[in-house]
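Coordinate analysis (summary)
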Amino acid sequence: LPPAEAEALVRTLQGSELRDIGGQGWLRQHEYVEKLNMHGILSASAGQEQLLTELLVSHAKIPVLIGELISVEIWKHKIFPVLCRLQDFKPRSTFPIYVVLHHEASIINLLETVFFHKEICESAEDSILDLIDYCHRKLTLLAARSTTAPAAELPAEPLASPSSMQAAPVPPQELQKQAEVMEFEISLKALSVLRFITDQLDSLPLSALTRMLNTHNLPCLLVELVEHCPWSCWEAGQLKKFENGTWHVVPPEDQVKMTKLDGQVWLALLNLLLSPECQRKYRFDGFNKSQLLKLRAFLTDVLIDQLPNLVEMQRFLSYLAVTDPAPPKKDLILEQVPVIWDHILKKNSGKWEAIAKHQVKNAFSPTDEELKLQARRWAQTYSLDMMEALAPDKPRCRVCGAEAAKRCSRCRNEWYCSRACQVQHWQKHKPACDLMA
């Protein structure tokens with residue numbers, strides 16, 4: 001994006017009411033977030049994200065993004081299930097629902113891109129407490145999933161998108177299943193954001209550290225993630241790991257190699273356990289101590305070779321095993337608490353069904369003309385050049401998954417390896433093609 005356009009988009013970012021989610025004004029906000037998200041990814045890959053960082057800080061938009069993130073999270077938990085139970089909820093297209101589900105992913109992805117910078121963390125101000133709570137909720141879901149249903153068992157079919165808009169009604173159960181798939185990836189992004197927050201402990205409000213260590217006991221939650229590793233699973237005798245948005249089989253020679261997600265957990269643990277201030281505030285009681293000492297089994301020479309800082313962790317755990325650190329002093333302090341989640345819940349309590357009915361009527365039952373207009377706007381947001389720059393791999397055939405060199409000449413959104421595959425897929429692709437062309 002040109003600097004002037006990036007600044008205009010940042011300036012126009014604003015919070016929205018829960019009732020307005022999915023409406024025309026909200027959709028414009030989503031487009032702005034999506035454009036900034038893609039701009040952020042491309043800028044970061046070129047090492048030029050400083051402009052976006054400065055814009056978000058100078059216009060104080062990080063608290064706005066955190067508010068929107070939590071607003072959509074509440075929508076998914078409180079309104080989406082009610083929506084799916086309504087008798088008159090029979091969407092002709094999954095597109096409007098997809099946009100709302102995707103909004104949370106877009107914001108957390110944008111925050112992951114920029115939270116690497118100290119000034120972003122500082123500009124969050126008191127809303128950093130809400131973001132810490134958000135990350136804790138996502139990591140708890142991740143830990144729970146690792147002990148119940150591995151994410152690898154979830155369907156690999158991607159969420160509905162502009163290039164797969166369907167004319168036939170989609171069962172509510174299918175929409176909920178799609179939301180679960182996206183929830184896993186959002187939780188992994190939240191892990192990265194939390195790690196970046198722990199990098200800036202000196203810049204956080206005092207209450208933030210207390211909330212991470214004692215209110216949520218994040219060190220023990222991170223131990224759970226090391227122990228169960230939800231982004232890794234065994235299937236038919238093969239080790240699979242989740243990286244760059246997909247599950248892939250890991251060859252035997254790479255099975256002990258640390259992934260980016262493994263590294264994020266270990267770095268967060270290093271930040272939280274080795275900081276003198278954290279050691280002074282954390283309760284090393286019998287339970288916490290026994291949980292932390294589980295880490296010693298994972299600190300192998302191979303792992304330490306890949307992340308040498310873990311030598312310090314090894315020393316700390318050896319010391320912890322033979323000592324009983326003094327309990328933290330119980331100072332009388334005034335503590336800040338997060339407000340965004342509670343404010344939205346109190347404001348809309350008892351109105352969930354009314355909001356759902358309003359949104360079915362005004363947001364999720366678009367006419368054909370409205371759907372075509374929104375599809376064109378979406379196609380402009382996702383320009384082909386932008387999408388190809390973001391794509392990590394070469395395009396794959398929509399039908400068989402082979403490497404593809406041919407593209408639908410009408411909408412230019414679907415790829416095929418051969419004419420035969422294109423003809424085979426035409427009946428499914430035609431409704432979306434008519435909308436996009």
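Residues numbered from 1 in each chain as written. Predicted model: local features only at pLDDT ≥ 70, side-chain atom pairs only at ≥ 80, totals over all residues. Heavy atoms only, no water.

**Section: the overall build of the protein**
Threshold: Numbered from the N terminus, helices here are DSSP runs of H or I no shorter than four residues, and strands are runs of E no shorter than two. Accessible area is worked out with a 1.4 Å probe on protein chains only. A residue is then buried under 20% of its type maximum, exposed over 50%, and partly exposed in between. Note on contacts: a residue pair is in contact if any heavy atoms of the two residues lie within 4.5 Å. Exposure was quantified through the Shrake-Rupley algorithm and a 1.4 Å probe, taking into account, for residues, occlusion by the shown protein chains and nothing else.
Scanning the protein from N- to C-terminus turns up 20 helices and 5 strands. Every one of the 437 residues in the protein was classed for burial, and the buried ones make up 50%. Counted over contacts in the protein with a minimum sequence separation of 6, partners at least 24 positions apart contribute 76%. Here the protein displays about 21400 Å² of accessible surface, and carbon together with sulfur accounts for 53% of that area.

**Focus: helix H10 (residues 218-228)**
A large share of H10 lies buried, amounting to 8 of its 11 residues. Looking only at H10, the buried set comprises Leu218, Pro219, Cys220, Leu221, Leu222, Val223, Leu225 and Val226. The positive-phi residue at the C-terminal boundary of H10 is cysteine 229, with phi of around 45°.

**A short note on the sheet that holds strand E1 (residues 232-235)**
So the rule is basically this: For two strands to count as paired, DSSP must find a minimum of two bridges between them. Lines fitted to C-alpha atoms define the axes here, with helix axes fitted over just the stretch in contact, and angles between the N-to-C directions of these axes take values from 0 to 180 degrees.
An order of E1-E2-E3 is seen for the 3 strands of this open sheet, with the pairing classed as antiparallel. Of all the strands in the sheet, the pair left with one neighbour each is E1 and strand E3 (246-249). The average undirected angle you get between the axes of adjacent strands in this sheet is 30°. Across 4 bridges, the pairing between strand E2 (residues 238-243) and E3 is antiparallel. Across the sheet, glutamate 243 pairs through a bridge with threonine 246, a residue of E3.

**As for the nonpolar core**
We apply this condition: Working definition of a nonpolar core: buried Ala, Val, Leu, Ile, Met, Phe, Trp, Tyr and Cys residues. They are joined through side-chain atoms within 4.5 Å. These domain limits were set by an automatic method or by a database of domain assignments.
By size, the foremost hydrophobic cluster in this structure holds 115 residues, and its most contacted members are Phe115, Ile128 and Leu131. Top element by residues in this core is helix H4 (residues 62-85). It accounts for 13 residues. Residue-level mapping places this core at the junction of two domains, with at least three residues from each of domain 1 (1-148 + 169-201 + 338-391) and domain 2 (206-335).

**Concerning the layout of surface pockets**
We apply this condition: Each cavity reported here is a set of points on a 1 Å grid over the protein atoms alone in which a 1.4 Å probe fits but cannot get out, each pocket an open set with protein on both sides within 12 Å along at least five of seven lines, and each lining residue one with an atom within 4 Å of a point. Grid points are joined across faces, edges and corners, and a volume is the space filled by probe spheres set on the points.
The computed volume of the second largest pocket comes to approximately 500 Å³. Taken together, 23 residues form the lining of the second largest pocket, with Cys229, Lys241, Gln255, Asp262 and Phe298 sitting closest to its centre. Counting residues per element, the lining of the second largest pocket draws most heavily on H10, at 4 residues.

**Focus on the packing of H4 against helix H5 (residues 95-114)**
Put simply, the test is: For classification, angles of less than 35 degrees are called roughly parallel, those exceeding 145 degrees roughly antiparallel, those between 65 and 115 degrees roughly perpendicular, and all remaining angles oblique. By convention the crossing between two helices is left-handed if the near helix lies anticlockwise of the far one by an angle smaller than a right angle, and right-handed if it lies clockwise. Here the term charged refers only to Asp, Glu, Lys and Arg, the term nonpolar to Ala, Val, Leu, Ile, Met, Phe, Trp, Tyr, Cys and Pro, and the term polar to all other amino acids, Gly among them.
Direction vectors running N to C along H4 and H5 enclose 150°, while the axes themselves pass 10 Å from each other. When the interaxial angle is binned, H4 and H5 end up roughly antiparallel. H5 is crossed by H4, and the crossing has left-handed handedness. Where H4 abuts H5, its residues Ile62, Leu65, Ile66, Glu68, Leu69, Val72, Glu73, Trp75, Lys76, Phe80 and Leu83 lie against Ile97, Val100, Leu101, His103, Glu104, Ile107, Ile108, Leu110, Leu111 and Val114. Of the residues belonging to the contact of H4 with H5, the class tally is 16 nonpolar, 1 polar and 4 charged.

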